[in-house]
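Chain by chain, the residues:
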Amino acid sequence: MAIQRIKVLGVPVDVCEPQDLEGKIMELVAQPGTKQIVFLSVWDLLKARRKGEYARCVQNADLIIPISKSILKGAKFLKQTVPIRYNPFNAIISILNVLELHFKSLYLLGGRKKTVMAAEKNVRNTFRDLQIVGRYVGYFPKSVESDVVQAIYKASPSLVLVSEGIKEKDCWAYNRRNSFSSSIFLYNRDVIGILGERRNRVKESTFDKGHEIWDEIVHNPLKIFLIFPYIKYKILLVWYRLFKKEF
């Protein structure tokens, strides 16, 4: 089944059934050039509605996976096809399983030195047929960035996992898309920390209920003010439902 792309408040979101994920990943692996997978939260969706590099990054992404329940509810409210919500870490593990099954390669970018080394070791032990062709820590100075880009270009990995310490996040790969040969880029702030056992995962029960924001508020109380963009999101949904012909 072909993956359907819908729009929620003008932002593209893909409807990707779990059984279609392997085919999509291998389709992207086979394509030349830089490809990008984006995990989209409701906060990211609101950000992507503005003009700017992040909006362009999302609009041009090859696979846009929703990770917030609010996006699913918004799609349903707008009478769109309701997409499948993925837990980011579980989705990454599924993608690594696909790549291992097809003997593909991985590059790790981000995290502190001890964390990325532990992550590499754990990935090697878990995905024995997945070739790790390189790694580089995050928080690197601008002066070495060209070396990092060149290393990824030469390694030409099937997937580059981008994590903490990469200031531009999703936009890092997008802004340098003409500098790589043929790789998929996927950013997630916590993935290398989780793989390196330096950061805890959100509990499955918490994620399933859509309550992961409360964990973030515990660690950063200022995030309680996200209630205001969330209210804006709800108002925009009503506006689009009443007055917009295209969502």
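All figures in this text were calculated on a predicted structure; none of them were measured in a lab.

Draft legend 1. Main features of the pairing of strand E7 (residues 159-162). Alternating positions in E7 separate into two faces, Leu-159 and Leu-161 on one and Val-160 and Val-162 on the other, with burial throughout. With four bridges connecting them, strand E5 (residues 105-109) and E7 associate as parallel partners. Bridge pairing in E7 places Leu-109 opposite Val-162. Note: E7 against strand E8 (residues 182-187), four bridges, orientation parallel. In the strand pairing of E8, Val-160 is matched with Phe-185.

Draft legend 2. Here's a closer look at unusual backbone geometry. Although it is not a glycine, Leu-9 adopts a positive phi angle of roughly 55 degrees. Locating Leu-9 in the fold gives a position in the loop between strand E1 (4-8) and strand E2 (11-15). Positive phi outside glycine occurs at Lys-79, with the angle close to 60 degrees. With respect to the helices and strands, Lys-79 occurs in the loop between helix H4 (69-77) and helix H5 (88-101). Residue class for Lys-79 comes out exposed when judged on its relative accessible area of 66%.

Draft legend 3. Summary view of a positive patch on the surface. On the surface, Lys-47, Arg-49, Arg-50, Lys-169, Lys-232 and Lys-244 cluster together into a positively charged patch. Of note, Lys-169 is situated in the loop between E7 and helix H8 (170-175).

Calculation rules
- Residues numbered from 1 in each chain as written.
- Predicted model: local features only at pLDDT ≥ 70, side-chain atom pairs only at ≥ 80, totals over all residues.
- Heavy atoms only, no water.
- Buried < 20%, exposed > 50% of the residue type's maximum accessible area, 1.4 Å probe, protein only.
- Helix = DSSP H or I, 4+ residues; strand = E, 2+ residues; numbered from the N terminus.
- Pairing = 2+ DSSP bridges.
- Patch = residues over 30% accessible without salt bridge, like charges linked within 9 Å, V, L, I, M, F, W, Y side chains within 5 Å.
- Areas by Shrake-Rupley, 256 points an atom, 1.4 Å probe, with all protein chains shown as cover.
- Salt bridge = Lys/Arg side-chain N within 4 Å of Asp/Glu carboxyl O.
- Lys, Arg positive; Asp, Glu negative; His and termini not counted.
- Charge placed at Lys NZ, Arg CZ, Asp CG, Glu CD.

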